[in-house]
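A closer look at the structure
Each chain, letter by letter, is given below.
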Amino acid sequence: MKNEQVKKTMKGALILSIASLIAKILSAVYRIPFENIVGNTGFYVYQQVYPIYGIGVAFALTGFPVYISKLVAEQRDEATKLRLVQQIFLILCVFSGAIFVGLRVFAPFIALLMGDPQLVVLIKSVAWMFLFMPILAVGRGYYQGTFDMLPTAISQVTEQFMRVGMIILAAWAFTLFDWSLYQMGAVAMLASSAGAVVACLSFIKFYAKKFFKKTSAPKFSYLYLIEKLFSDGLIICLFASTMVLLQLIDSFTLVRGLLHNGIPLAVAKDLKGIYDRAQPLLQLGMVLAIGFSSTLLPTLSQALQKRKYAEFRRIAQVMLRVSAAISVAACFGMVVLMPQINTLLFGDANLSAELAVYVGSVIFITLIGTYNSILQSLNQFLITVVGLLGALVLKFILNIWLVGRLNIMGASVATVLSLIFALVFILLFSPEIVKGLFNEGHFWLKLGLAITVMFFSVRLFTMSYMHFIGNERSDTLVMSLGGAFLGTLVFLGCALAFKLFSVREWLMLPGGKKILKVWQKIIRKEGIL
């Protein structure tokens, strides 16, 4: 594979990363006025059903589209690609229709399992979004398979703008019309469908000019496509919705565990609402990793088709190193700034320790995601499936055990431990071609040193600010933004000074060449070289 193709892929990752960053910032920002208006209990009501929405997003944004893009990239001509996506569209229509009917019919039963029968109206509201899943999944998958990431990025951002706007309106209407928290939640869940409608507009050109064209390409076997979509494709969806599924386990077990510990229902709902503050923070930490993972499969598939195994391994190594560095830096950056971030976004520093433990998940879910993409390109699905299913089972068991002993902290620890289990399992049973990718150049030692310097630099900054200036909510804005900026500069400087990445790896990264030029000017000016 030529370096130009690698650069194109990395630029595609950057486009998706920027789109994800905008979407996740919107997802985090709306929670500030939303929680302030509806309170922790209102936030609990919304978050109890949110995992169902999250699963739908996994299907339509990062699950089926990623696998469809892999299938599209493997086809040699346009006619065959169109035939493929036309047939997949029909299959997904049946699948999404079945989910819609199931949620509408079994909503009372699901709400009962969650321990709150009043959630029925929210579950029925969120069901509508699944009807748009085939349009979004096929459109995104087609464009990503042809290495055009812009339509996916636009659809993701416009969807979030519409959804966030409608959620804020729902919260505002809650105060104006004296709605119950559950009525407000139902309208907020309908925002997912409104967002899906807007996202579909990004693919009008594809569906109007290409999708319905008659093609002479031979038909694929429907049984073959169904088998692939609901085995290999659902496995990708399993990863894409891993964190959401872990949240779903919390929805079914956490409040019940707190009640079992003797905590009153009103307090348990309040604590669950505070605990769910970790979700937007985790999403922000995963932004760049999501972008890289979304574009990894088509590129690695082409490298394997051309049997360029050395090139395959080199790209995989760069992806893993970059994902590890970004996720570890993001994690420890959030940990050191957690009291300030918590206060800035939500008005108080309650459960900051529990939230700090929870965001440790960003390291492990990012590495799991990157390894998962590599293994999928090798058609190695069983390892990931067993690892992730094992993590879900472990999370359920640990939640019951640890929540009973540690309350909210138990749920945070259970999430991190379950993801560590999945990552270790994947590392132990991965094929030889993807083993040892971190062994060269003392990567983890250099990363550890860079993180240590960054952590204590930011800590010193926040402590000095609190001592000399103050620690009010307005001060947390300066500390959060200033700490993040300082941490980024320190980490980047340490990564260059410690040679965390090779020159070749820097050059493969979007903007890497410019970073190296600036660094060369600095060290020459200072007389280091």
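Just so it is clear, the structure is predicted and the values come from calculations on it, not from any experiment. (Residues numbered from 1 in each chain as written. Predicted model: local features only at pLDDT ≥ 70, side-chain atom pairs only at ≥ 80, totals over all residues. Heavy atoms only, no water.)

**Some words on the overall build of the protein**
What the protein contains, in helices and strands, is 23 helices and zero strands. In summary, the protein has a C-alpha radius of gyration of 23 Å against a globular reference of 24 Å for 529 residues, a match within 12%. With the C-alpha coordinates of the protein rotated into their principal frame, the extents come out at 65 × 60 × 40 Å. A total of 529 residues make up the protein; the buried ones form 58% of that total. Long-range pairs, those at least 24 residues apart, make up 83% of the contacts in the protein between residues at least 6 apart in sequence. Only carbon and sulfur atoms are counted for the fraction: they give 69% of the accessible area of the protein, which is about 21900 Å². Across the protein, the mean location of the 45 positive side-chain charges is 10 Å away from that of the 23 negative side-chain charges. (Helix = DSSP H or I, 4+ residues; strand = E, 2+ residues; numbered from the N terminus. Rg over C-alpha atoms; globule rule 2.2 N^0.38 Å. Buried < 20%, exposed > 50% of the residue type's maximum accessible area, 1.4 Å probe, protein only. Contact = heavy atoms within 4.5 Å. Areas by Shrake-Rupley, 256 points an atom, 1.4 Å probe, with all protein chains shown as cover. Lys, Arg positive; Asp, Glu negative; His and termini not counted. Charge placed at Lys NZ, Arg CZ, Asp CG, Glu CD.)

**A word on the packing of aromatic side chains**
Aromatic ring pairs are defined here through the distance separating the ring centres and the angle between the ring planes. For the coordinates displayed, the defined rule picks out 31 aromatic pairs. Measuring from ring centre to ring centre gives 5.9 Å for Tyr46 and Tyr50, while their planes differ by 45°; the resulting arrangement is tilted. In this pair, Tyr46 and Tyr50 both sit in helix α2 (residues 31-74), four residues apart, roughly one turn of the helix. Three or more aromatic residues link up through ring pairs in this structure, and these residues are Phe89, Tyr142, Tyr143, Phe203, Phe206, Tyr207, Phe211 and Phe212. (Phe/Tyr/Trp six-rings, centres within 6.5 Å; stacked < 30°, edge-to-face > 60°.)

**Some words on the pattern of salt bridges**
Within the structure shown, the criterion is met by seven salt bridges. Note that Arg140 is salt-bridged to Glu159, the shortest N-O span being 3.2 Å. Within this pair, whereas Arg140 is found in helix α5 (residues 133-145), its partner Glu159 is found in helix α6 (residues 150-176), the two being separated by 19 residues in sequence. Looking at Glu159, the relative accessible area reads 8%, which means it is buried. (Salt bridge = Lys/Arg side-chain N within 4 Å of Asp/Glu carboxyl O.)

**Section: the packing of α2 against helix α12 (residues 278-285)**
Between α2 and α12, the least distance of the axes is 11 Å, while the angle of their chain directions is 90°. Comparing the axis directions of α2 and α12 gives the class roughly perpendicular. Facing α2, whose interface residues are Arg31, Gln47 and Tyr50, α12 presents Gln279, Pro280 and Gln283. Within the contact of α2 with α12, the residues separate by chemical class into two nonpolar, three polar and one charged. (Axes fitted to C-alpha atoms, helices over the stretch in contact; angles between N-to-C directions. Parallel < 35°, antiparallel > 145°, perpendicular 65-115°, else oblique. Nonpolar A, V, L, I, M, F, W, Y, C, P; charged D, E, K, R; others polar.)

**A few points about helix α9 (residues 222-240)**
Its axis deflected by about 35° at Leu234, α9 carries its strongest bend there. All buried positions along α9 are accounted for by Leu225, Leu229, Asp232, Gly233, Ile235, Ile236, Cys237, Leu238 and Phe239. (Bend = angle between axes of the 7 residues up to and from the residue.)

**Some words on unusual backbone geometry**
Its identity is not glycine, yet Asn407 carries a phi of approximately 60°, on the positive side. Within the secondary structure layout, Asn407 lies in the loop between α18 (382-406) and α19 (408-429).

**Thoughts on a positive patch on the surface**
Positive charge collects at one region of the surface, where Lys205, Lys209, Lys210 and Lys213 lie side by side. With respect to the helices, strands and loops of the structure, Lys210 is situated in helix α8 (residues 204-211). (Patch = residues over 30% accessible without salt bridge, like charges linked within 9 Å, V, L, I, M, F, W, Y side chains within 5 Å.)

**Regarding the side chain of Lys70**
Relative to the helices and strands, Lys70 resides in helix α2. Polar contacts involving the side chain of Lys70 include one to the side chain of Glu74, which spans 3.0 Å. (Polar contact = N/O pair within 3.5 Å; in protein donor to acceptor, adjacent residues only side chain to side chain.)

**Re the packing of helix α21 (residues 473-497) against helix α23 (residues 512-525)**
For the pair α21 and α23, interaxial distance at closest approach is 11 Å and the crossing angle is 80°. What the angle tells us is that α21 and α23 run roughly perpendicular. Where α21 abuts α23, its residues Gly493, Leu496 and Ala497 lie against Ile515, Leu516 and Trp519. Residues belonging to the contact of α21 with α23 are distributed by class as follows: five nonpolar, one polar and no charged.

**Topic: the side chain of Thr370**
In this fold, Thr370 is placed in helix α17 (residues 361-377). A polar atom in the side chain of Thr370 sits 3.2 Å from the side chain of Ser323.

**Comments concerning a nonpolar patch on the surface**
A contiguous nonpolar patch, built from Val101, Val105, Phe106, Phe109 and Leu113 and spanning about 490 Å² of accessible area, is present on the exposed surface. Mapped onto the fold, Leu113 is located in helix α3 (residues 78-113). The class of Leu113 is partly exposed, set by a relative accessible area of 39%.

**As for the environment of Ala495**
The topology assignment puts Ala495 in helix α21. In this structure Ala495 comes out as buried when scored by relative accessible area, which is 3%. A C-alpha to C-alpha distance of 7.7 Å links Ala495 and Lys446, two positions 49 residues apart in sequence.

**Considerations on α2**
Relative to the 64 Å expected for 44 residues at 1.5 Å per residue, α2 spans just 41 Å between its end C-alpha atoms, considerably shorter than the ideal helical length. The axis of α2 is deflected most strongly, by about 110°, at Gly39. Among the 44 residues in α2, 37 count as buried, and that is most of the element. (Expected span 1.5 Å × (residues − 1).)

**A closer look at the environment of Gln317**
You can see Gln317 is positioned in helix α14 (residues 309-336). For Gln317, a relative accessible area of 11% translates into the label buried. Note: C-alpha distance between Gln317 and Glu440 (123 residues apart in sequence) is 9.9 Å. Leaving out residues up to four positions away in the same chain, Gln317 has contacts with Leu437, Glu440 and Glu505.

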